[in-house]
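Commentary on secondary and tertiary structure
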Amino acid sequence: MTLATDFERRSLPLEYPFTIARGTQTESAVVTVRVEADDGTIGVGGAAPSSHYGETVDTVTAVLPDLLAVVEDVGDPHQLERIERRMRETVRRNPAARCAVSIALHDFVAKRLDLPLYRYWGLDPSESLETSYTIGLDDTETMREKTETALDRGFSTLKVKLGTDRDVEIVETIRSVAPDVSLFVDANEAWTPREAVRKIDRLAAYDLAFVEQPVPAEDPAGLRYVYERAALPIAADESCETLSDIPQIADRCDIANLKLMKCGGLREAKRMIHAARAHGLEVMCGCMTESNASIAAACHLAPLLDYADLDGSLLLAEDPYDGVPMSGGEIDLAGLDRAGTGAVTE
Ligand SMILES: [Mg+2]
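These lines cover the structure that appears in this document, whether it is placed above or below. Not measured: the values here are computed from a predicted model. (Residues numbered from 1 in each chain as written. Predicted model: local features only at pLDDT ≥ 70, side-chain atom pairs only at ≥ 80, totals over all residues. Heavy atoms only, no water.)

This part covers the coordination of the magnesium ion. Binding of the magnesium ion to the protein goes through Asp 186 (OD), Glu 212 (OE) and Asp 237 (OD), at separations of 2.0 to 2.3 Å. Read N to C, the donor residues that coordinate the magnesium ion are spaced as D-x25-E-x24-D. Linking Asp 186 in strand β6 (residues 182–186) with Asp 237 in the loop between β8 (234–236) and α9 (245–249), this pair joins segments that are 51 residues apart in sequence. (Donors = N, O, S within 2.8 Å, 3.2 Å for Na, K, Ca; no water. Helix = DSSP H or I, 4+ residues; strand = E, 2+ residues; numbered from the N terminus.)

Strand order in the open sheet formed by 3 strands is β1-β2-β3, and the pairing between neighbours is antiparallel. Either end of the sheet is taken by a strand with one partner, and the two such strands are β1 (3–20) and β3 (42–47). Mean inter-strand twist for the sheet, computed between neighbouring axes without regard to direction, equals 20°. Where strand β2 (residues 23–37) lies against β3, 6 bridges are found, and the strand directions are antiparallel. Within β3, the position partnered with Val 33 by the bridge is Gly 45. Relative to the sheet, helix α3 (residues 95–112) contacts β1, β2 and β3, its axis offset from that of β3 by approximately 155°. (Pairing = 2+ DSSP bridges. Axes fitted to C-alpha atoms, helices over the stretch in contact; angles between N-to-C directions. Contact = heavy atoms within 4.5 Å.)

On to the nonpolar core, then. Within the largest apolar cluster, 111 residues are counted, with the highest numbers of intra-cluster contacts made by Ile 200, Leu 203, Ile 246 and Ile 331. Here this core takes 11 residues from α3, the largest share from any one element. Excluding residues that lie within four positions of it along the chain, Leu 203 makes contacts with Leu 162, Asp 167, Val 168, Val 171, Val 185, Trp 191, Leu 208 and Leu 232. (Core = buried A, V, L, I, M, F, W, Y, C linked by side-chain atoms within 4.5 Å. Buried < 20%, exposed > 50% of the residue type's maximum accessible area, 1.4 Å probe, protein only.)

Spelled out as structure tokens, the structure:
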């Protein structure tokens, strides 16, 4: 089989400026990879690089030729395990770049077998989940308005970004307009350990499901301090990048939040899910602001998860790719009527 490969960078405007404790973004810079066989089968995958993890569209496009050379060298795109391992040996880091190739090949292979990706993996679509929808940081009144808009759109699980001097006020306001939703918060490393324990004590009054990344990833002892004292369950995100982090966080959080763009591939993501379970952790899959060139693939992991935070495409002003149907946040794998990840341009 002869495979042609190419990639292109794109800048996708967000619906609203998106602010977290570390800063604000107004667009998502992504790279889309395509592999095409001489029989016309096309696989699509996306990289949504995060500077927090050392990647930009420039670093992605710099290493993609080497990664696509690995695919060509292996010669059989169905050998996903071998290709992911060889890509990891080739660039070591650059997880978003490797992930774009991994997704494109999974899409391609499932399409050649004429199966949606979850069926190729043997997963039950009725075990799918609802994604949370994220309310970024803003003045409290704007966050209240965004919450009301999210409720109008049918979302019933909301994630609220925190890391300000008015965190309790924000949660109180959002809870007052959304008394029935499942709600969790993400501090994105903004708190000190003692501050986190104090804040979580007060936030526990608002029926939150859990708190994501209260303290910096560089402070594993601080994460354990919070985990042992906090009044709510703790999820690790920035502290949980790759498979080898799972044993490190197992005794300092309740939930492992993996992301394709941190771990570097779909097979690695599945290994992280199983390793997290073996360590007694619950599992969440999150995302960056991403198009369906990558989010659609993550949706197929939903039957293996406890929590899905896969709203990356929903935060874009417009996504050039359609993906897994997601009405009101329900990741409707059974409703997907195409093979592969479901990522298609409209
Ligand atoms: Mg997070």
